[in-house]
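Coordinate analysis (summary)
Chain by chain, the residues:
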Amino acid sequence: MLTRRLFLVCAALLAVSSWAVRPAAAQSADPGATAFIQKLGNETVSTFANKGLPREQAVQRFRTLLYQGFDVPYIGRWVLGRYWNSASPQQQNEYQKLFEQLIVKTYADRFVDYSGESFKITGSRPEGESDTMVTTQVLRPSGPPVNVDWRVRHRDGTYKIIDVVVEGVSMGVTQRQEFASVISQNGGQVQGLIQALRQKVGQTG
Amino acid sequence: MKLVTITRSLLRSAAAAALALSVAGCATTPATSEGETTVNDPLEGPNRVVFAVNEAADKVVIRPVTEVYVAVVPDPLRQAVHTFIQNLMSPLYIANHLLQGNFEGAQLATGRFMTNTILGLGGIADVASEAGLPEKPADFGQTLGVWGLGSGPYLVLPLLGPSNVRDAVGYGVDTLGDPFRIWTNGVGQDGLQWGRTGASGVDRRSQVLREIDDLRRNSIDFYATVRSLYAQQRDAAIRGSSAPANPEFPEFPEYNTPAKK
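Keep in mind that what you see is a predicted model, and the values were worked out from it rather than measured.

Reading guide: rules and limits
- Residues numbered from 1 in each chain as written.
- Chains lettered and ligands numbered in written order.
- Predicted model: local features only at pLDDT ≥ 70, side-chain atom pairs only at ≥ 80, totals over all residues.
- Helix = DSSP H or I, 4+ residues; strand = E, 2+ residues; numbered from the N terminus.
- Buried ≥ 20, exposed ≤ 12 C-beta atoms within 10 Å, placed from the backbone.
- Contact = placed C-beta atoms within 7 Å.
- Core = buried A, V, L, I, M, F, W, Y, C linked by C-beta atoms within 7 Å.
- Pairing = 2+ DSSP bridges.
- Axes fitted to C-alpha atoms, helices over the stretch in contact; angles between N-to-C directions.
- Expected span 1.5 Å × (residues − 1).
- Arc of directions from axis to C-beta.
- Parallel < 35°, antiparallel > 145°, perpendicular 65-115°, else oblique.
- Nonpolar A, V, L, I, M, F, W, Y, C, P; charged D, E, K, R; others polar.
- Left-handed = near helix turned anticlockwise from the far one by under 90°.

Topic: the overall build of chain A
Regarding its fold elements, chain A presents seven helices and five strands. In chain A, the order of α-helices and β-strands from amino to carboxyl end is α-α-α-α-α-β-β-β-β-β-α-α. Here chain A holds 205 residues, and 28% of them are scored as buried. For chain A, the proportion of contacts with a sequence separation of at least 24, taken over those separated by at least 6, is 49%.

Description of the overall build of chain B
Tallying secondary structure elements over chain B gives eleven helices and two strands in all. Ordering the α and β elements of chain B from the N terminus gives α-α-α-α-α-α-β-β-α-α-α-α-α. Residue pairs in contact within chain B that sit at least 24 positions apart in sequence constitute 65% of those at least 6 positions apart.

Observations regarding the nonpolar core
If you look at the biggest cluster of nonpolar residues, it comprises 20 residues, and the most contacted ones within it are Tyr95(A), Phe179(A), Ile183(A), Val190(A), Leu193(A) and Ile194(A). Put simply, the parts of the chain that give this core at least two residues each are α4 (72-80), α5 (89-112), α6 (171-185) and α7 (190-200) of chain A. The element best represented in this core is α4(A), accounting for five residues. Sequence-distant contacts of Leu193(A), that is, excluding residues within four places in its chain, are made with Phe179(A), Val182(A), Ile183(A) and Asn186(A). Judged by nonpolar contacts, the second largest core, of eleven residues, contains Met89(B), Phe113(B), Ala128(B) and Ala138(B).

So, the sheet that holds strand β4 (residues 158-166) of chain A
Residue and element names in this part refer to chain A. Judged by pairing direction, the sheet is antiparallel, and its five strands sit side by side in the order β1-β2-β3-β4-β5 without closing on themselves. For this open sheet the edge positions go to β1 (118-127) and β5 (169-170), each flanked by a neighbour on one side alone. Bridge count between strand β2 (residues 131-139) and strand β3 (residues 146-155): eight bridges; the pairing is antiparallel. Looking at the pairing, Val 134 lines up with Trp 150 of β3. Lying over the sheet, helix α2 (residues 31-49) contacts β1, β2, β3 and β4, oriented at roughly 155° with respect to β1.

Notes on helix α7 (residues 165-177) of chain B
All names here are of chain B. The end-to-end C-alpha separation of α7 is 18 Å, in line with the 18 Å expected for 13 residues at 1.5 Å each. Along α7, the positions that sit buried rather than exposed are Arg 166, Asp 167, Gly 170 and Asp 174. Looking straight down α7, one finds that the buried residues subtend no more than 85° of arc, so they occupy a single side. Among the exposed residues of α7, those pointing more than 90 degrees away from its buried face are Gly 172 and Leu 176. Next to the buried residues of α7 lie α3 (75-99), α6 (140-146), β2 (161-164) and α11 (222-239).

Details of the environment of Leu155(B)
Residues and elements named next belong to chain B. Structurally, Leu 155 is set in strand β1 (residues 154-157). As for Leu 155 and Pro 42, which are separated by 113 residues in sequence, their C-alpha atoms are 9.3 Å apart. If near-sequence neighbours (up to four positions away) are discounted, Leu 155 is found in contact with Leu 43, Asn 47, Ser 163, Asn 164, Val 165 and Ala 168.

Examining the packing of helix α2 (residues 44-72) of chain B against helix α9 (residues 190-207) of chain B
Residues and elements named next belong to chain B. Across the interface, α2 lies against α9 with an axial gap of 9 Å and an inter-helix angle of 80°. Compared by their axis directions, α2 and α9 come out roughly perpendicular. Taking contact as the criterion, the partners of Ile 62, Val 65, Thr 66, Tyr 69 and Val 70 in α2 are, on α9, Val 202, Arg 205 and Ser 206. Looking at side-chain class alone, the contact of α2 with α9 contains five nonpolar, two polar and one charged residues.

A closer look at the environment of Asp58(B)
Residues and elements named next belong to chain B. Positionally, Asp 58 belongs in helix α2. Among the residues examined, Asp 58 registers 18 C-beta atoms within 10 Å and is labelled partly exposed. The spatial distance from the C-alpha of Asp 58 to the C-alpha of Leu 209 is 11 Å, given a sequence separation of 151 residues.

Notes on the packing of α3(B) against helix α4 (residues 103-118) of chain B
All names here are of chain B. Packing of α3 against α4 brings their axes to within 9 Å, and their N-to-C directions diverge by 150°. The orientation of α3 relative to α4 falls into the category roughly antiparallel. Both α3 and α4 take part in a crossing whose hand is left-handed. Mapping the contact onto sequence places Thr 83, Asn 87, Ser 90, Tyr 93, Ile 94, His 97 and Leu 98 in α3 and Gly 105, Ala 106, Ala 109, Thr 110, Arg 112, Phe 113, Asn 116 and Thr 117 in α4. Of the residues assigned to the contact of α3 with α4, the class counts are six nonpolar, eight polar and one charged.

This is the structure we're talking about:
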């Protein structure tokens, strides 16, 4: 008897909650975000398909596109997570500089060594309170296509990417967990991460 | 008399509230808010030791062997090896899709198995992919996850690499239930089983040669990177296409007034 009543209450609750959630899900995605990804993607492909570009210049172009497309300071701040508050203003400042250098060092080569990849937008959906997730497929000359989702935030009239999700794996989460591990290996000191970052980006002192 | 009724109704509402809470707890994916995004890894010490041994084994033996394999064996032949191994795994994929209640996945895996076995010369040619039936692996660790089992502590297994308690159990069950293993065991040809395991390892390693080199070069803590990638990948495989559990990306109050330049 009791279990039956419990079951009924449970079913009713589920029905009500799915009902309540639906209007939020039905909210349409921002078409501006899709247009932004399309434009940024086209520009990136056309920049790096041009193989005549000297390396120095190509890396510089990458940096420009990175800032045009990504909210790098926001991502850096997000990746550091709760440790941001335990860092001094000087540390925050140096960390943000090193984070940007790490991103350029990590990703510039992949784009500069561009080898015929293309992409197509497969859809978009609202994400979180104010973001749009634009879903794309990156088509490679060999191997199966890769699903890449771009989390886009609309702020003060401009669109910026704040996270990239490759086959269900968030780059932001991966980096945050890695940094958290480095910090905890150094007794919870942000300075430990800063030193490791300095070493990684090949900067002394 | 009246008191009893009131107490009873109070108890009833309390039970309903408790139930509502537990339902809400089940229905919502655990919010990965700030500071909470960590992988459950109580055995980090021993895991790091095994990880280091695996890394050494990879650098000294597995990666060099894979490099030779990629350099010597032409692309179409490597593709055939991959397709053949995947085809041998197909019965396991089908069974796991069925156990997960994923009939679409089971249909796809069955379609691939039939197509490649019959039209693909016993599983050597990947006719199925050409016909628009992409690879759709499934394993028992994933099945347990779909059934609602948590991952348990993160584990690094010797040679097999990143795993967790749930997936390690799943791997054991898959190995025991594998028709190919049962068959080789039955006809007394255990060598075939080892051969496939070795070939499968080299095949899988060859698919990610560049990616792993990149990750190793760019990571500050490669162990933590692999741990994070593994946990997220498994979550994604278990969730399938439904309800991705994305973390929160709040606006930061200090964001608009950054620390002095």
